[in-house]
Amino acid sequence: MWQRLAAPAGALVAVAGAFAYVGAVDPNQPGHYPVCPLYALTGLYCPGCGGLRSAHAFVHGDLLGALRDNAFGVAAYAAFAVLWTVWAVRAARGRPLRIDVAPAVLWVSGGALLVFTVVRNLPFGGWLHP
């Protein structure tokens, strides 16, 4: 069973390590991380802008701050947790991980990401700015 859990455990260690690093090295302090190239060139927020600050707030237990910095990122953290749990349980039972996502779900998710990106760059979407 331990061999079957090696891949999910490795993924969890990698993600936990990344979150630990972002939790320890504050992205709110300048000079630690590179600037978003899209924001630097155009002044527009990409869907990932604020993601490091969101992860930092999330690690420190500030869920409202994490949502304020990047709400879509927090949804991605939750989705990862669910998918990882399904993966680990299926691996422990000796079953392969099968993710059969309907095309409609992918289109809706992509559309939601596009709407999030557009709204956060409009004047009335200031509440979505990181």
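Cut-offs and rules
Residues numbered from 1 in each chain as written. Predicted model: local features only at pLDDT ≥ 70, side-chain atom pairs only at ≥ 80, totals over all residues. Heavy atoms only, no water. Buried < 20%, exposed > 50% of the residue type's maximum accessible area, 1.4 Å probe, protein only. Helix = DSSP H or I, 4+ residues; strand = E, 2+ residues; numbered from the N terminus. Contact = heavy atoms within 4.5 Å. Patch = residues over 30% accessible without salt bridge, like charges linked within 9 Å, V, L, I, M, F, W, Y side chains within 5 Å. Areas by Shrake-Rupley, 256 points an atom, 1.4 Å probe, with all protein chains shown as cover. Salt bridge = Lys/Arg side-chain N within 4 Å of Asp/Glu carboxyl O. Phe/Tyr/Trp six-rings, centres within 6.5 Å; stacked < 30°, edge-to-face > 60°.

(A) Expanded view of helix α3 (residues 51-59). Taken residue by residue, α3 has Gly51, Ser54, Ala55, His56 and Ala57 as its buried positions. On its buried side, α3 packs onto α1 (6-24), α4 (63-69) and α5 (71-92). Remark: Gly61 follows α3 within two positions and exhibits a positive phi of approximately 80°.

(B) Just a nonpolar patch on the surface, in detail. A surface patch of nonpolar side chains, about 660 Å² in accessible area, is lined by Val82, Leu83, Val86, Leu97, Ile99, Val101, Val105 and Leu106. For the nonpolar patch, the elements supplying multiple residues, two or more each, are α5 and α6 (103-120). Ranked by the residues each element gives to the nonpolar patch, the list is headed by α5, at three residues. Assignment of secondary structure puts Leu83 in helix α5. Since its relative accessible area comes to 44%, Leu83 is described here as partly exposed.

(C) Structural view of the packing of aromatic side chains. Taken as a whole, this structure holds six aromatic pairs when the rule is applied. An angle of 20° between the planes, with centres 5.0 Å apart, marks the rings of Tyr39 and Tyr45 as stacked. Tyr45 sits in the buried class, given a relative accessible area of 16%. Pairwise contacts between aromatic rings join Phe19, Phe58 and Tyr77 into one cluster.

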